[in-house]
Amino acid sequence: MPGVTRPAFRKQSPAAVQVMLDWPDIVGPELARATVPRRLSAGTLTVACVGPVATELQHLAPVVIARINGVCGAGVVSRLKMLQDITLRPTPPPPRPRPVPVPVVIGDMPEGPLRDALSRLGGWVEQRGTAHREGVAKGGIVKPRGGIT
């Protein structure tokens, strides 16, 4: 096994790999979207940041270092070095799940997968129509849905 792992660990230490893999768990999802750990060398972890996140990370450095050392072992990281990286794009938060509408009742159709699919589709159409009507009632601008107006 050492013959296999030695070449890989020359490039990255096991602790560095662990930090890279567990980064979102260590710093949390908000900071993980705007930061990326780049290198761990001689107790210094270099972290690429976007914009003002570097200042926030600087203030949180003692907490982040304690969390890293809690995951990887005491003394693995003693200092954070922030690096502004303009090529790093913060990832947007995941979209909120849309509420699943209540399926419509289709009475004159035999039981089966087609009826179930049409019932679910009807629920989505009905939900969209309700949202459309509410927008009109609130004085919202309604775009035509095709055709000549």
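Counting of residues starts from 1 at the beginning of each chain's written sequence and follows it residue by residue. Side-chain atom pairs in this predicted model are given and counted only at pLDDT of 80 or more, local residue features only at pLDDT of at least 70, and totals for whole chains, interfaces and linings cover all residues. Computation of side-chain values: all heavy atoms of the structure, hydrogens and water removed.

**Comments concerning the overall build of the protein**
Where helices and strands are cited, they refer to DSSP runs of H or I of at least four residues and of E of at least two residues respectively, numbered from the N terminus. From N to C terminus, the protein includes six helices and three strands. Expressed as a percentage of its 149 residues, the buried residues of the protein come to 29%. Residue contacts are counted whenever heavy atoms from the two residues lie within 4.5 Å of one another. The long-range fraction of contacts in the protein, counting pairs at least 24 apart against all pairs at least 6 apart in sequence, stands at 52%. In these tables, accessible area is a Shrake-Rupley quantity obtained with a 1.4 Å probe, and a residue counts as shielded only by the protein chains included in the view. In the form shown here, the protein has an accessible surface area of approximately 10,900 Å², with 61% of it arising from carbon and sulfur atoms. Buried residues are those whose accessible area, probed at 1.4 Å on protein chains only, stays under 20% of the maximum for their type, while exposed residues exceed 50% and partly exposed ones sit between those limits.

**Concerning a nonpolar patch on the surface**
Together, Leu114, Leu118, Leu121 and Val125 make up a nonpolar patch on the protein surface, roughly 370 Å² of accessible area in all. Relative to the assigned elements, Leu118 resides in helix α6 (residues 113-137). For patch building, the residue pool is restricted to those with more than 30% relative accessible area and no salt bridge; the joining distance is 9 Å between like charges and 5 Å between nonpolar side chains (Val, Leu, Ile, Met, Phe, Trp, Tyr). Should a side-chain nitrogen of Lys or Arg be within 4 Å of a carboxyl oxygen of Asp or Glu, the pair is scored as a salt bridge.

**Side note on unusual backbone geometry**
Even without a glycine there, the phi angle at Ala42 is positive, about 50 degrees. Tracing the sequence through the fold places Ala42 in the loop between β1 (35-41) and β2 (44-49). A relative accessible area of 78% means that Ala42 is categorised as exposed.

**A look at the pairing of β1**
Sheet topology note: the β1/β2 ladder contains six bridges and is antiparallel. Residue pairing for β2: Val36 is matched across the bridge by Ala48. When DSSP locates at least two bridges between a pair of strands, those strands are taken to pair. Between β1 and β2, which pair antiparallel in sequence order, lie two residues; one of them, Ala42, sits at a positive phi of approximately 50 degrees.

**A few points about helix α2 (residues 14-27)**
By this rule, a helix spans an expected 1.5 Å times one less than how many residues it contains. Here α2 spans 19 Å end to end across 14 residues, near enough to the 20 Å set by a 1.5 Å rise per residue. Within α2, burial applies to Ala15, Ala16, Val19, Asp22, Trp23, Ile26 and Val27. Buried residues along α2 sit in contact with α3 (29-34), β1, β2 and α5 (61-72). At the exit of α2 stands Gly28, carrying a positive phi of roughly 95 degrees.

**Quick look at the environment of Gly43**
Within the fold, Gly43 resides in the loop between β1 and β2. Taking relative accessible area as the criterion, Gly43 reaches 13% and is therefore assigned buried. Each C-alpha atom of the pair Gly43 and Val76 lies 5.7 Å from the other, and the pair is 33 residues apart in sequence. Contacts of Gly43, omitting those with residues within four sequence positions, involve Val76, Val77, Ser78 and Arg79.

**What to know about α5**
Relative to the 16 Å expected for 12 residues at 1.5 Å per residue, α5 spans 16 Å between its end C-alpha atoms, a close match to the ideal helical length. Turning to α5, its buried residues number three or more, namely Ala61, Val64, Ile65, Ile68 and Asn69. In an axial view of α5, the angular spread of the buried residues amounts to 130 degrees, which keeps them on one side of the axis. Relative to its buried face, α5 has exposed residues pointing more than 90 degrees away, namely Pro62 and Gly70. Those residues of α5 that are buried lie in contact with α2, β2, α4 (53-59) and β3 (79-84). Taken from the helix axis, the directions to the C-beta atoms give the arc we talk about.

**Here we look at the side chain of Asn69**
Here Asn69 lies in helix α5. Judged by relative accessible area, Asn69 falls into the buried class, the value being 17%. The contact partners of Asn69, leaving out residues within four places of it in the chain, are Ala74, Gly75, Val76 and Val77.

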